[in-house]
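Summary of structural features
This is what each chain is made of:
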Amino acid sequence: MEGSSETEEQYEGCLSFFDVRGLVRRPLTIVVETTTLDGATVTTVYGRGLARLIHHEIDHLDGILCLAPHTRRPGTDSRPL
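Below: a short report on this structure. Starting afresh in each chain, residues are numbered from 1 along the sequence in its written order. With pLDDT at 70 or above as the cut-off, local features in this predicted model cover only qualifying residues; side-chain atom pairs require 80 or more to be listed or tallied, and sums for whole chains, interfaces and linings still use all residues. Side-chain figures throughout are based on the complete set of non-hydrogen atoms in the structure, without hydrogens or water.

1. Quick look at the overall build of the chain
By definition, any uninterrupted DSSP run of H or I lasting at least four residues is a helix, any uninterrupted run of E lasting at least two residues is a strand, and each is numbered from the N terminus. Secondary structure summary: the chain contains 1 helix and 6 strands in total. For the chain, the sequential pattern of α-helices and β-strands runs β-β-β-β-β-α-β. Relative accessibility thresholds used throughout: buried, under 20% of the residue-type maximum; exposed, over 50%; partly exposed, between the two (1.4 Å probe, protein chains only). The buried share of the chain, taken over its 81 residues, is 27%.

2. Describing the pairing of strand β3 (residues 17–27)
Whether two strands pair depends on DSSP finding at least two bridges between them. For strand β2 (residues 7–14) and β3, the ladder comprises 8 bridges, and the chain directions are antiparallel. Paired with G13 across the bridge in β3 is R21. Between β2 and β3, which follow one another and run antiparallel, lie 2 residues.

3. Brief notes about the pattern of salt bridges
Within this document, salt bridges are pairs made up of a side-chain nitrogen of Lys or Arg and a carboxyl oxygen of Asp or Glu, the two lying within 4 Å of each other. Applying the stated criterion across every chain yields a total of 5 salt bridges. The partner of E8 in a salt bridge is R48, with the nearest N and O atoms 3.8 Å apart. Of this pair, E8 sits in strand β2 while R48 sits in helix α1 (residues 48–61), placing them 40 residues apart in sequence. The exposure class assigned to R48 is exposed, which follows from its relative accessible area of 52%. Between R52 and E12 there is a salt bridge, and its shortest N-O distance comes to 2.7 Å. Of this pair, R52 sits in helix α1 while E12 sits in strand β2, and the two are 40 residues apart along the sequence. The two residues R52 and E12 agree in class, both being buried.

Worth remembering: the numbers are spatial, not functional.
Here it is as structure tokens:
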């Protein structure tokens, strides 16, 4: 996954921490390369809200929880609702 240099910071939640939201900086555009069941490579560009959602889910696959203090990305902050 590649992200654009242009980013934005928004409050983001996670079902892993249902009652907490955190300020998370993410790229406005990401490029994701995936492999289909028949082995073909597909490259998809996602923007804005969908880029944020896909990036969040890819973080989970990489073992990163955006609101967990020990795995939080630099520049994030969390608070209870």
